[in-house]
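Each chain is listed here by its residues.
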Protein chains: 2
Amino acid sequence: MKRKIPYRTYLSEEQIPKYWYNLRADMKDKPEPLLNPANLRPVTKEELCPVFADELASQELDDTTRFIKIPEPVLELYKVYRPSPLIRAYNLEKHLGTPAKIYYKFEGNNTSGSHKLNSAIAQAYYAKEQGLDGLTTETGAGQWGTALSEACSYFGLPLTVYMVKVSYQQKPFRKSVMEVFGSDVIASPSNTTESGKKILEDDPECGGSLGCAISEAIEKAVTTPNTRYVLGSVLNQVLLHQSVIGLESKAALEIYGEYPDIIIGCAGGGSNLGGLIAPFMKDKLTGEANPRIIAVEPASCPSFTRGKYAYDFCDTGKITPLAKMYTLGSGFIPSANHAGGLRYHGMSPILSKLYHDGYMEAVSIEQSKVFGAAVLFSKIETILPAPESAHAISAAIDEANKCRETGEEKTILFGLTGTGYFDMTAYNDYMTGKMTDTIPTDEDLKKGFDSLPKVE
Amino acid sequence: MKRKIPYRTYLSEEQIPKYWYNLRADMKDKPEPLLNPANLRPVTKEELCPVFADELASQELDDTTRFIKIPEPVLELYKVYRPSPLIRAYNLEKHLGTPAKIYYKFEGNNTSGSHKLNSAIAQAYYAKEQGLDGLTTETGAGQWGTALSEACSYFGLPLTVYMVKVSYQQKPFRKSVMEVFGSDVIASPSNTTESGKKILEDDPECGGSLGCAISEAIEKAVTTPNTRYVLGSVLNQVLLHQSVIGLESKAALEIYGEYPDIIIGCAGGGSNLGGLIAPFMKDKLTGEANPRIIAVEPASCPSFTRGKYAYDFCDTGKITPLAKMYTLGSGFIPSANHAGGLRYHGMSPILSKLYHDGYMEAVSIEQSKVFGAAVLFSKIETILPAPESAHAISAAIDEANKCRETGEEKTILFGLTGTGYFDMTAYNDYMTGKMTDTIPTDEDLKKGFDSLPKVE
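Quick caveat: nothing in here was measured; it's all calculated off a predicted structure.

The rules behind the values
Residues numbered from 1 in each chain as written. Chains lettered and ligands numbered in written order. Predicted model: local features only at pLDDT ≥ 70, side-chain atom pairs only at ≥ 80, totals over all residues. Heavy atoms only, no water. Pairing = 2+ DSSP bridges. Helix = DSSP H or I, 4+ residues; strand = E, 2+ residues; numbered from the N terminus. Axes fitted to C-alpha atoms, helices over the stretch in contact; angles between N-to-C directions. Contact = heavy atoms within 4.5 Å. Buried area = accessible area lost by both parts, 1.4 Å probe. Salt bridge = Lys/Arg side-chain N within 4 Å of Asp/Glu carboxyl O. 1 Å grid on protein atoms, 1.4 Å probe; cavity = no way out; pocket = protein on both sides within 12 Å on 5 of 7 lines; lining within 4 Å. Points joined across faces, edges and corners; volume = space filled by probe spheres on them. Nonpolar A, V, L, I, M, F, W, Y, C, P; charged D, E, K, R; others polar. Core = buried A, V, L, I, M, F, W, Y, C linked by side-chain atoms within 4.5 Å. Buried < 20%, exposed > 50% of the residue type's maximum accessible area, 1.4 Å probe, protein only. Least-squares fit on C-alpha atoms with pLDDT ≥ 70 in both. Bend = angle between axes of the 7 residues up to and from the residue. Expected span 1.5 Å × (residues − 1). Polar contact = N/O pair within 3.5 Å; in protein donor to acceptor, adjacent residues only side chain to side chain.

A. Summary view of the sheet that holds strand β7 (residues 159–164) of chain B. Residues and elements named next belong to chain B. What the four strands build is an open sheet, ordered β8-β7-β6-β9; its pairing is parallel. Both outer strands of the open sheet, β8 (184–188) and β9 (227–229), are each paired with one neighbouring strand and no more. Within this sheet the neighbouring strands show an average axis-to-axis angle of 20 degrees, counted without direction. With five bridges connecting them, strand β6 (residues 134–139) and β7 associate as parallel partners. For Leu 135, the partnering residue across the bridge sits in β7 and is Leu 159.

Next up, the structure:
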């Protein structure tokens, strides 16, 4: 009884995509443009260039070029840790007793521990090419900061990371990893920026948020000579770079004549989900196929499922352009007992548009259920997942269980974005019964919505 | 300019070895037998069976069967995370400016974070097959305990882990990972055993040692009904299981017509080194090839380079059989500032015999040099190594630098046993200049040697 499909499928080095796929090119209804908050006009490349490296500013605004060549030095570094494996979850299928075929694309087998490295390398490369002297960024759970530290170290670029203070305190080892790669890591809000000082004046005990760390990182970039800011999610350019995930997944599935009926990804800012679904969404937009696409978000930070589709600032300090997206308001901060990442108030404008137009579904899950799925998955599939990734696992289990009820042999693909080795405090809370779930009340949400800017 | 050899080579699932290779079968001069300390006669299978699962007791004593079939359920679980990649260190070669070709076999891409899982799965499987009700073991840095927890969880076997107290305190997250897999983790020395109590009476502040944790785990196993003890290194059976590392490495190198001139592995108890070199040592024993083989150990625990080749107990409590090995004496405890693993007082009897007979070399390295190599490797090869593994990296760099001096294009293979995500306290000490080196004085060593039993 020879098994045709192995547990792990690795494409060859030559099969790593040579081009990123720009999903916007195939969207007839494009995402709404970024607006300059001063005049509510679409931002221009000239306006973006003081913040982003020039090439990245171009990519941010380019909604027509379908394929963008991956620069050779980026591809070389991709080869050091890619292709990532596409894994058939035979053990999970057996445990659930489901006729569904479950696949997952595992992006955690690199030191940054997540998919974030795919965009970090691209962004560090373009910055280096432009001759910049340094970069700034923010990080929440620490995956993006670690990935960018790794990429900047490789290309020899100094990096300052503003790390959300609660994560900085909960995950000192993440900070140490970034320091191994030579980065300067600062707990946010901090006294190193005007926006940080202002937040600390209002609330000296503030544990920070991604939106707040973004404000500080941008301010630091624009006030430091020859320095730019980079962001690990949300932006169009990031989804572009992350398309390697989906392109590799599709190529690996094609080897076995497989095509997913359901594609599931966790969604914080949307970088993994946007990358994973890119080539499949293309099929959907062009009518070639019609897979279900499901975004999974924490019940404690439910941008898609309870947010508004509105223009909002990308940061708390209200210094970024305005993006039309599903948002809880830049003033929204998840409950302090929220353990994982996915804590961003907004969502990728591309994914927001697709969700608004009915191309995607979204579900939200409480964290105790998410950690239950994570522990089960650890035992059965032998990978200890990041809490972020476990959102997708939980939803995939739900769909596989539905297949058990109906007898349908659906093919499910989900994104396993990373590993949870730096999340053991949260795992420990779950194991010892200390983890609680907090779902924001309508009143909580209203406070966030009150922070939305008046546009139109 | 097409590069023929990729960064990462993965064998296919079908190419995972179906048989373990038993190096002893090809040794004309066999390792000395284990002795029963009561009568100084070679131990029999009957004497081992109260401690080890029956099949493992057989494997421990079998020095004639050349290939032993890997049971199907073990092979199935191997497929979930194997084959592991053979990586060409192009970036490291370039950084060093060496004509040497550097390859490393990376065993860290699984949740246990190291090669230890290869033997853990085998040992848990045989225990389950025999119908045992539970297992006990010890762990130092935590890699073995994590690996066995993962394997026991998979096969549904309860596990008690005695964790060396200093590691238990320095690495609480390792403990949490083991608990995710359902294990009971106890800091050793503890009050749960007579041997632990005795050690605590002599020294209530004792930080523990592997030898001491072994005593407790064995005592717990033999005093608990239908329970056995398992060990993650040193034993012949463990080297047998770890031969998959070397077999895969050799098969992957053969694809490119490569054969290593130098093979380097870190050595604590010898499980990784013994597994990595197995098929190459075969060539050496049979005269087919003559690679240099180098064991690398910490200067603070120098069993090969400063130990005695003598019969010694495998544990501190002196309840195990006696093994002829390079040893610092079971009473030797590495200096408290020693950060990594590789802290065992003895060494695999197989490797000890080969070293004694001139088939291997050994070097010892101070930990600050080891961490320097680890940080460099993180930045250049993008994998943050375990301190254990970094010993091999450091020695490989030394050899590659010699090639730069001589212009020799040697092929170097080293074992990258695992990742260092749970060793960030030590990395942080190194980064902040707090790490110190302590080399045992002759007086320190004499104390250990004084604990050697009188045999012959």
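B. Looking closely at the interface of chain B and chain A. Opposite the 42 residues of chain B that make contact, chain A presents 42 residues. In total, about 4100 Å² of surface goes out of reach between chain B and chain A, with carbon and sulfur atoms giving 58% of it. It is Val 80, Val 180 and Tyr 421 of chain B that lose the most area in chain B upon contact with chain A, and together they represent 17% of the buried surface on that side. For the pair chain B and chain A, the number of links is zero salt bridges.

C. Highlighting the environment of Gly 329 of chain A. For Gly 329 of chain A, the position within the fold is in the loop between β13 (322–327) and α14 (349–356). Residues in contact with Gly 329 of chain A, not counting those within four places in the same chain, are Asp 312, His 345, Gly 448, Ser 451 and Leu 452 of chain A.

D. Structural context of the layout of surface pockets. A volume near 420 Å³ is recorded for the largest pocket. Tyr 10 and Leu 11 of chain A together with Thr 9, Tyr 10 and Leu 11 of chain B are the residues nearest the centre of the largest pocket, which is lined by 25 residues in total. Across the lining of the largest pocket, the residue classes break down as 11 nonpolar, five polar and nine charged.

E. Broad picture of the nonpolar core. If you look at the biggest cluster of nonpolar residues, it comprises 146 residues, and the most contacted ones within it are Trp 20, Phe 304 and Met 360 of chain A together with Trp 20, Phe 304 and Met 360 of chain B. Of all hydrophobic cores here, the second largest spans 88 residues; its members include Phe 414 of chain A together with Leu 96, Ile 397 and Leu 416 of chain B.

F. Looking closely at the relation of the copies chain B and chain A. Of the two same-sequence chains, chain B is brought onto chain A (RMSD 0.0 Å, axial shift 0.0 Å) by a rotation of 180 degrees. Such a combination of turn and shift is consistent with a two-fold rotation axis. No C-alpha of chain B lies nearer the rotation axis than that of Asn 109 of chain B, which sits 3.1 Å from it. Taken as a fraction of all interface residues of chain B, those also at the interface in chain A reach 100%, which identifies the copy contact as same-surface.

G. Quick peek at unusual backbone geometry. Residues and elements named next belong to chain A. Residue Pro 83 is reached from Arg 82 by a cis peptide bond, and omega for that bond is -10 degrees. Although it is not a glycine, Asn 226 adopts a positive phi angle of roughly 55 degrees. Among the structural elements, Asn 226 can be located in the loop between α10 (210–222) and β9 (227–229).

H. Spotlight on helix α12 (residues 271–285) of chain B. Helix geometry: α12 of chain B is bent most strongly at Ala 278 of chain B, by close to 55 degrees, with proline Pro 279 of chain B lying one to four residues after it. Burial of α12 of chain B is extensive: 14 of the 15 residues sit out of reach of the surface.

I. Quick peek at the pattern of salt bridges. Residue and element names in this part refer to chain A. This structure, assessed with the given rule, holds 40 salt bridges over all chains. Ionic pairing is found between Glu 361 and Arg 292, a salt bridge with its closest N-O pair at 2.8 Å. Remark: Arg 292 occurs in strand β11 (residues 292–298) and Glu 361 occurs in strand β14 (residues 361–365); sequence separation between them is 69 residues. Judged by its relative accessible area of 31%, Glu 361 is partly exposed. Measuring nitrogen to oxygen at the nearest pair gives 3.2 Å for the salt bridge that ties Lys 446 to Asp 450. The structure contains a network of salt bridges with shared partners spanning Arg 82, Lys 105, Glu 107 and Glu 248.

J. Structural context of helix α5 (residues 117–129) of chain A. Residues and elements named next belong to chain A. Between its terminal C-alpha atoms α5 stretches 18 Å, which fits the 18 Å expected from 13 residues at 1.5 Å a residue. The element α5 is largely enclosed, with a buried count of 11 among its 13 residues. Downstream of α5 by one or two residues, Gly 131 has phi in the positive range, about 80 degrees.

K. Main features of the environment of Asn 39 of chain A. Residue and element names in this part refer to chain A. As for its placement among the helices and strands, Asn 39 is situated in the loop between β2 (19–21) and α1 (45–48). A residue is classified by how much of its surface remains accessible, and Asn 39, at 32% relative accessible area, is partly exposed. From its side chain, Asn 39 meets the backbone nitrogen of Arg 41 in a polar contact 2.8 Å long.

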